[in-house]
Amino acid sequence: MRAALRWTAAVVVFAVAGTGTAYGITQMKRTDVPGLATASDGRWDYPKITKPPLPSGSPGPFAPANKANAHYADLRALLLPAPKGAKADASLRGTDGWLPAKAFVAQYADADDRKTLAQKLTDEGLRHIAADGWTTPDGTHTRIYLLQFDTAIAADELFSPGLISYDSPVYALTGAPVTSYDDTVKSEILAGNVKASAYTEDKPYGAEDVRQAYLSAGDTLALVVQSRKGTAKAVPFEQTLTLQSQLLG
């Protein structure tokens, strides 16, 4: 009888110990368990994204009461902040956070294109351009431009066919003379009501590989450009588009 009791006690002890170990492992993060750590997929460490407050009584851009799909928040506050460790590009901030239209069109390669686009911006009722940019430790240069117009209709017409066609942007950026449509950027990664058209530079690359995308969100358009010596990586590009769309959506 004593021998049976000792065996029973031993089984209980081992069962409790085993249960405790299993519970401990299920409570640990995957990266805390040896052999189960997950390597980084290339995403950047962005700060928590919070939409800026709206003026009192103003609806969001896609609220049912906002028939004009206007952004009433300060456009400068709708720019995506830089990720951790990035060096800011102060040249994009303009005066009081507003970038002149001539500085925006200056990034396009062809002189006639710059002139034509500048006139289009005027004709469609451009109100403001807010811009920001940074360079991450891996050498990726990011530029984000937000362009706000008098009406969502004007912005939508400039988005397409004014700035994009299906397989290529209408105007080539400096450093990206030939591009292809990037069908890996799906609507599923964007905030609702935000449209995107993305493009990758064709090989052979110039000094840097360039990725670019135009976003359309009500009365506001965005241009996101990322470039990097060697290859501009897809993961941080798509991450940047996702987060910027959340601020605009």
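Residues numbered from 1 in each chain as written. Predicted model: local features only at pLDDT ≥ 70, side-chain atom pairs only at ≥ 80, totals over all residues. Heavy atoms only, no water.

Position of Asp167 among the secondary structure elements: in the loop between helix H4 (152–163) and strand S4 (179–181). With twelve residues separating them in the primary sequence, Asp167 and Thr179 have C-alpha atoms 8.0 Å apart. (Helix = DSSP H or I, 4+ residues; strand = E, 2+ residues; numbered from the N terminus.)

Looking now at helix H3 (residues 111–123). The terminal C-alpha atoms of H3, which comprises 13 residues, lie 19 Å apart, in line with the 18 Å expected from a rise of 1.5 Å per residue. Where H3 starts, the residue carrying a side-chain oxygen 2.9 Å from the main-chain nitrogen of Asp112 turns out to be Asp110. Trailing H3 by a residue or two, Gly125 shows a phi angle of about 80°, which is positive. (Expected span 1.5 Å × (residues − 1). Polar contact = N/O pair within 3.5 Å; in protein donor to acceptor, adjacent residues only side chain to side chain.)

Our next topic: the sheet that holds strand S5 (residues 195–201). With respect to topology, seven strands assemble into an open sheet ordered S1-S2-S3-S7-S6-S5-S4, the strand pairing being antiparallel. Of all the strands in the sheet, just strand S1 (87–88) and S4 have a single pairing partner and so form its edges. Note: strand S6 (residues 209–217) against strand S7 (residues 220–228), nine bridges, orientation antiparallel. What sits directly across from Asp209, in S7, is Arg228. (Pairing = 2+ DSSP bridges.)

Take it as geometry only, folks, not as evidence of what the structure does.
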